[in-house]
Structure formats: C-alpha cells, structure tokens
Amino acid sequence: MTKDNIVNQQRMRLQPDDGLGPTSDIGSRLRALYGAVQEEGVPDQLLDLLEKLDNAEQAQTKPNSQGGE
C-alpha cells in the first residue's frame, strides 16, 4: 500500500457518511417531491394576479414614454 492510499483511507474514515449524497434516500425523496411540484399547474388566482400586475405595469409606463415627446 502506498503512502497516498493510506492518507486517502484515513481521510475517508474522518468523514462519516452523513447520508446526504446524491443517491441517498433523502436525495431521492427530495427529487420526487420537486418533480411533483413541477408537474402541478399554476392556480388560476395566481395567473389572474400576474395579469393584473402586468397590466398595471404597462399602464404606468405608457404615460411616461409619451410625456417626453
């Protein structure tokens, strides 16, 4: 066994497996939850609110752009 291998093995012993790696059970569950949230539709109330905000923003910028001409 080389000196580098011994040092690497000692480092691995000092770093316990916390179970938070990309293939852990927690990681798998988080990916599943995130995927489920992505598949959900946007509620109509939120879409209506966003449309109202866009309209208000457009109405606010129109007088400013015409006022300079």
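Quick caveat, the model's predicted, so the values are computed rather than measured.

Points about the side chain of Ser24
As for its placement among the helices and strands, Ser24 is situated in the loop between helix 1 (3-14) and helix 2 (25-39). With a relative accessible area of 11%, Ser24 lands in the buried category. Polar contacts involving the side chain of Ser24 include one to the main-chain amide nitrogen of Gly27, which spans 3.1 Å.

Quick look at the pattern of salt bridges
Evaluated as defined, the whole model comprises one salt bridge. The closest approach of N and O atoms between Asp25 and Arg29, which form a salt bridge, is 3.2 Å. Residue Asp25 and its partner Arg29 are both found in helix 2; the two are separated by four residues, about one turn of the helix. With a relative accessible area of 47%, Asp25 lands in the partly exposed category. Residue Arg29 is classed as exposed on the basis of its relative accessible area of 59%.

Examining a nonpolar patch on the surface
Residues Val42, Leu46, Leu47, Leu49, Leu50 and Leu53 make up a contiguous nonpolar surface patch of roughly 520 Å² in combined accessible area. The topology assignment puts Leu46 in helix 3 (residues 44-67). Look at Leu46 and you get partly exposed, because its relative accessible area is 40%.

So, the confidence of the model for the protein
Looking at the protein, pLDDT values average 78 and 59% of them are 70 or higher. Mean pLDDT per element in the protein: helix 1 is the minimum at 64, and helix 2 is the maximum at 89.

Thresholds applied
Residues numbered from 1 in each chain as written. Predicted model: local features only at pLDDT ≥ 70, side-chain atom pairs only at ≥ 80, totals over all residues. Heavy atoms only, no water. Helix = DSSP H or I, 4+ residues; strand = E, 2+ residues; numbered from the N terminus. Buried < 20%, exposed > 50% of the residue type's maximum accessible area, 1.4 Å probe, protein only. Polar contact = N/O pair within 3.5 Å; in protein donor to acceptor, adjacent residues only side chain to side chain. Salt bridge = Lys/Arg side-chain N within 4 Å of Asp/Glu carboxyl O. Patch = residues over 30% accessible without salt bridge, like charges linked within 9 Å, V, L, I, M, F, W, Y side chains within 5 Å. Areas by Shrake-Rupley, 256 points an atom, 1.4 Å probe, with all protein chains shown as cover. pLDDT = per-residue confidence, 0-100.

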